[in-house]
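One-letter residues, chain by chain:
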Amino acid sequence: MTSEPLRDRIAKISVETVDQLTERDINELSDAAESAILSGGGFGWLSPPPKSVMEDYWRGVQMIPDRHLIIARLDKVIAGSCQIVRPPKNNEAQKFSCQLTTFFVAPWARGHGLAQMIVSESEALAKSEGFLMINLDVRATQDRAIQSFEARSFKRYATNNYYAKVNGDYVPGFYYHKELK
């Protein structure tokens, strides 16, 4: 049995903040998000919407000036993402903080360190935009996301026992923050 050289077996991973998505990017984001939703790691959706709705969602994200989209690629295919969202302009009291939202890694891409890279990139982006704090919330059932945030020193500060309703049952949600130094 012949084995391929180690360098050929190592996955190529990258994470970047993007301003514009190609149609291929939108298709890959939609597929990766659908996989994450089906595995219980969706970002609000409990079951995948029709493909056209998902594609329209990603097209819309790039049109909102107060959102920054971070994507992760595994072997040049989009496998995960998150967004950094600015507070509304009329919220001067909280202009020092941003929200990390819609975080996911597709199940087929897990185990390569993408989650940590996505969160790291979101922190770097937030700092470069002048934010002093990142806030986020997550369903208590999303263990892998929680592990990713806690590994990067996000601090849990609150629990909402009625955060979400899944299959007729309430699911708690956790609220986290991290001061950027």
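Please refer to the structure placed before this passage.
A quick note: this is a predicted structure, and the numbers were derived from the prediction, not measured. (Residues numbered from 1 in each chain as written. Predicted model: local features only at pLDDT ≥ 70, side-chain atom pairs only at ≥ 80, totals over all residues. Heavy atoms only, no water.)

Undergrad: Could you give me a rundown of the overall build of the protein, with the residues and numbers involved?
TA: For the protein, the helix and strand inventory stands at five helices and seven strands. When the elements of the protein are put in sequence order from the N terminus, they spell out α-β-α-α-β-β-β-α-β-α-β-β. Seen through its principal axes, the protein has C-alpha atoms that stretch 60 × 40 × 35 Å. In the protein, buried positions account for 41% of the 181 residues. The long-range fraction of contacts in the protein, counting pairs at least 24 apart against all pairs at least 6 apart in sequence, stands at 63%. Surface summary for the protein: the accessible area is close to 10,100 Å², and the carbon and sulfur share equals 50%. Averaging the coordinates of the 22 positive side-chain charges in the protein and doing the same for the 22 negative ones gives two points 5 Å apart. (Helix = DSSP H or I, 4+ residues; strand = E, 2+ residues; numbered from the N terminus. Buried < 20%, exposed > 50% of the residue type's maximum accessible area, 1.4 Å probe, protein only. Contact = heavy atoms within 4.5 Å. Areas by Shrake-Rupley, 256 points an atom, 1.4 Å probe, with all protein chains shown as cover. Lys, Arg positive; Asp, Glu negative; His and termini not counted. Charge placed at Lys NZ, Arg CZ, Asp CG, Glu CD.)

Undergrad: A description of the packing of aromatic side chains should follow, citing residues and the corresponding values.
TA: In this description, an aromatic ring pair is defined by two values, namely the gap between the centres and the angle between the planes. Scanning the entire structure with this criterion turns up eight aromatic pairs. Taking the centre distance of 5.5 Å and the plane angle of 75° together, the rings of W45 and Y57 count as edge-to-face. Linking W45 in the loop between α2 (23–38) and α3 (51–61) with Y57 in helix α3, this pair joins segments that are 12 residues apart in sequence. Note on Y163 and Y175: the rings are 6.0 Å apart at their centroids and 85° apart in plane angle, and the pair reads as edge-to-face. With Y163 in strand β6 (residues 155–166) and Y175 in strand β7 (residues 169–179), this pair connects stretches of sequence that are 12 residues apart. (Phe/Tyr/Trp six-rings, centres within 6.5 Å; stacked < 30°, edge-to-face > 60°.)

Undergrad: Before we move on, can you summarise the sheet that holds strand β3 (residues 77–85) with the specific residues and values?
TA: Reading across from one edge, β1-β2-β3-β4-β5-β7-β6 is the order of the seven strands in this open sheet, with mixed pairing throughout. In this open sheet, the two edge strands, each paired with only one partner strand, are β1 (13–18) and β6. Averaged over neighbouring strand pairs, the angle between their axes works out to 25° when direction is ignored. In terms of strand pairing, β6 meets β7 through eight bridges, oriented antiparallel. Bridged to K165 within β7 is Y170. Sitting on the sheet, α2 is in contact with β2 (67–74), β3 and β4 (97–105), with an inclination near 85° to β3. (Pairing = 2+ DSSP bridges. Axes fitted to C-alpha atoms, helices over the stretch in contact; angles between N-to-C directions.)

Undergrad: Can you explain the nonpolar core? Please cite residues and give values.
TA: Where a protein is soluble and globular, its nonpolar side chains tend to be buried together. With 30 residues, the main nonpolar core has L100, F103, L114, I118 and F149 as its most contacted residues. Elements represented by at least two residues in this core include exactly β2, β3, β4, α4 (114–128), β5 (133–139), α5 (143–151) and β7. When near neighbours in sequence (up to four residues on either side) are disregarded, F149 contacts L100, F103, V119, L136 and F154. (Core = buried A, V, L, I, M, F, W, Y, C linked by side-chain atoms within 4.5 Å.)

Undergrad: So what's going on with the side chain of E55? Which residues, and what values?
TA: Relative to the assigned elements, E55 resides in helix α3. Residues in contact with E55, not counting those within four places in the same chain, are I26 and S30.

Undergrad: Provide a residue-level description of the environment of S30, including the pertinent values.
TA: Assignment of secondary structure puts S30 in helix α2. The contact partners of S30, leaving out residues within four places of it in the chain, are K51, M54, E55 and W58. Among the polar contacts listed, one links the side chain of S30 to the backbone oxygen of I26, at a separation of 2.8 Å. (Polar contact = N/O pair within 3.5 Å; in protein donor to acceptor, adjacent residues only side chain to side chain.)

Undergrad: Outline the pattern of salt bridges, supporting the account with residue identities and numerical values.
TA: Within the structure shown, the criterion is met by 12 salt bridges. Note that R73 is salt-bridged to E16, the shortest N-O span being 3.3 Å. With R73 in strand β2 and E16 in strand β1, the pair connects residues that are 57 residues apart, well separated along the chain. A salt bridge links D56 to R59, with the shortest nitrogen-to-oxygen separation between them at 3.1 Å. Of the two residues, D56 and R59 are both situated in helix α3; the distance of three residues between them amounts to about one turn of the helix. (Salt bridge = Lys/Arg side-chain N within 4 Å of Asp/Glu carboxyl O.)

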